[in-house]
Amino acid sequence: MSDLLGYRNKRVLVSGCFSGMGEATAKLLLELGAEVHGFDFKESALPLASFTTVDLRDPASIEAGVAKLGGKIDALFNCAGLPQTAPPMDVMKVNFIGTRHLTEKVVEHMGEGAAIASISSTGGMGWSRRVPVLMGLIKQQGYDGALKWCEENMETVAEGYSLSKEAINVWTMLSGCHLIKRGIRINCTMPGPTETPMMKQFEKATPMSVLEAVTQPIGRRSRPEEQAGPLVFLNSAWASYVNGHVLAADGGFMGGLATGQIDPSAMMRR
């Protein structure tokens, strides 16, 4: 494959590389000639340059993983995540607190031209309605600071999934203002329903009518490979002026809502 995206021999890290979107992202990066390193709680079967078992629920595990990897890192792909069926605090730790901590540690190994792409979700589309609340969480310093805030605001945390994804969106926009001063870009995607192993958990927790509504107007779920592409683009040389952006990779769902083509009441839990 040609090197149009500029990944050949670039040193990249993919968290959540065991399955789903993370595995698809790692596969695509390998095809593009990148030196791909992986972090996950479960061991990857891919032919990675290295794999390290890392638990995003444990800051010491994150720090040890980054220290073991060492060296310059050109791109980080934050693909690890938990569904809303997991314990709420685990969801917050993996989807936001641990992801942020990993990013902060990896940034120490990045130079000008490096980039970060994270996976959010259409489940985080309500971020604009509670920016002050989200900023209260995001402004907490370090892993322990964010954890303490969550423990003190469990009513706001709720099932953890929506808040964690909303936090990823706002943190991405905020971080884009600061990291770019060092020549580092950060963006995230908001995928719609995707056929990954985690989808079974979403089906348990979400009415089918809601899941079907979120697949409109395209009328189907995405494949992991269709989510890997936007992530790889965002961290590529071709996206050098894209920064602090939350990219909807949802088959037109957000556009349908904005233009009144999709009825918001169809997404109400029932």
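You'll find the structure just up there.
Here's what I pulled together on the structure shown here.

### What about the pattern of salt bridges?
Logical step 1: Overall, the coordinates contain 11 salt bridges when judged by the stated rule.
Logical step 2: Across the salt bridge formed by Arg-221 and Glu-195, the nearest N and O atoms sit 3.2 Å from each other. With Arg-221 in the loop between helix H9 (208-214) and helix H10 (224-234) and Glu-195 in the loop between strand E6 (185-191) and helix H8 (199-205), this residue pair connects regions lying 26 residues apart in the sequence.
Logical step 3: Since its relative accessible area comes to 43%, Glu-195 is described here as partly exposed.
Logical step 4: Linking Glu-226 and Arg-220 is a salt bridge whose minimum nitrogen-to-oxygen distance equals 2.8 Å.
Logical step 5: Since its relative accessible area comes to 27%, Glu-226 is described here as partly exposed.
Logical step 6: Take Arg-220: its relative accessible area is 39%, and that puts it in the partly exposed class.
Logical step 7: Through salt bridges with shared partners, a single ionic network connects Asp-55, Arg-57 and Asp-90.

### Some remarks on the pairing of strand E5 (residues 115-119)
Logical step 1: Burial analysis of E5 places 5 of its 5 residues in the buried class, which makes it a mostly covered element.
Logical step 2: Neither face of E5 is open: one carries Ala-115, Ala-117 and Ile-119, the other Ile-116 and Ser-118, and all of them are buried.
Logical step 3: Traced from strand E4 (residues 75-78) through helix H3 (residues 88-107) to E5, the parallel crossover comes out right-handed.
Logical step 4: Bridging between E5 and E6 involves 5 bridges; their strand directions are parallel.

### A look at the sheet that holds E6
Logical step 1: Strand order in this open sheet of 7 strands is E3-E2-E1-E4-E5-E6-E7, and the pairing throughout is parallel. Of all strands in the sheet, those bounded by a partner on one side alone are strand E3 (50-53) and strand E7 (246-249). Going across the sheet, the axis of each strand differs from the next one's by a mean of 15°, ignoring polarity.
Logical step 2: Of the pairings in the sheet, the one linking strand E1 (residues 11-15) to E4 comprises 4 bridges and is parallel in character. Note on E4: the bridge partner recorded for Val-14 is Phe-77.
Logical step 3: Set on the sheet, helix H2 (residues 59-69) makes contact with E1, strand E2 (35-40) and E3; between it and E3 the angle comes to about 160°.

### With respect to the packing of helix H4 (residues 131-138) against helix H5 (residues 142-152)
Logical step 1: Contact geometry of H4 with H5 gives a least axis separation of 8 Å together with a crossing angle of 135°. Judged on the interaxial angle alone, H5 and H4 are oblique. Contacts between H4 and H5 pair Val-133, Gly-136 and Leu-137 from the former with Ala-146, Trp-149 and Cys-150 from the latter.
Logical step 2: Residue composition of the contact of H4 with H5, by class: 5 nonpolar, 1 polar and no charged.

### A short note on H5
Logical step 1: Inspection of H5 places Tyr-143, Gly-145, Ala-146, Leu-147, Trp-149 and Cys-150 among the buried residues, and these make up the whole buried set.
Logical step 2: Contacts from the buried residues of H5 go to H2, H3, H4, helix H6 (154-157) and helix H7 (161-179).

### Describing the packing of aromatic side chains
Logical step 1: This model, assessed by the stated rule, comprises 3 aromatic pairs.
Logical step 2: Where Tyr-7 meets Phe-77, the ring centres are 6.4 Å apart and the plane angle is 40°; that geometry is what we call tilted. Of the two residues, Tyr-7 sits in the segment before E1 while Phe-77 sits in strand E4, which places them 70 residues apart along the sequence.
Logical step 3: For Tyr-7, a relative accessible area of 3% puts it in the buried group.

### Here's the deal with the packing of H3 against H7
Angle between the axes and distance between the axes: these two values describe a pair of packed helices.
Logical step 1: Close contact between H3 and H7 brings their axes to 8 Å; oriented N to C, the two are set at 20°. Taken together, the axes of H3 and H7 lie roughly parallel to each other. In this structure, the crossing between H3 and H7 has a hand that is right-handed. Along its contact with H3, which presents Val-91, Met-92, Asn-95, Phe-96, Thr-99, Arg-100, Thr-103 and Val-107, the element H7 presents Tyr-161, Leu-163, Ser-164, Lys-165, Ala-167, Ile-168, Trp-171 and Leu-179.
Logical step 2: Looking at side-chain class alone, the contact of H3 with H7 contains 10 nonpolar, 4 polar and 2 charged residues.

Analysis parameters
Residues numbered from 1 in each chain as written. Predicted model: local features only at pLDDT ≥ 70, side-chain atom pairs only at ≥ 80, totals over all residues. Heavy atoms only, no water. Salt bridge = Lys/Arg side-chain N within 4 Å of Asp/Glu carboxyl O. Helix = DSSP H or I, 4+ residues; strand = E, 2+ residues; numbered from the N terminus. Buried < 20%, exposed > 50% of the residue type's maximum accessible area, 1.4 Å probe, protein only. Right-handed = clockwise from strand over helix to strand, strands pointing away. Pairing = 2+ DSSP bridges. Axes fitted to C-alpha atoms, helices over the stretch in contact; angles between N-to-C directions. Contact = heavy atoms within 4.5 Å. Parallel < 35°, antiparallel > 145°, perpendicular 65-115°, else oblique. Nonpolar A, V, L, I, M, F, W, Y, C, P; charged D, E, K, R; others polar. Phe/Tyr/Trp six-rings, centres within 6.5 Å; stacked < 30°, edge-to-face > 60°. Left-handed = near helix turned anticlockwise from the far one by under 90°.

The values reported here are purely geometric and, on their own, carry no functional implication.
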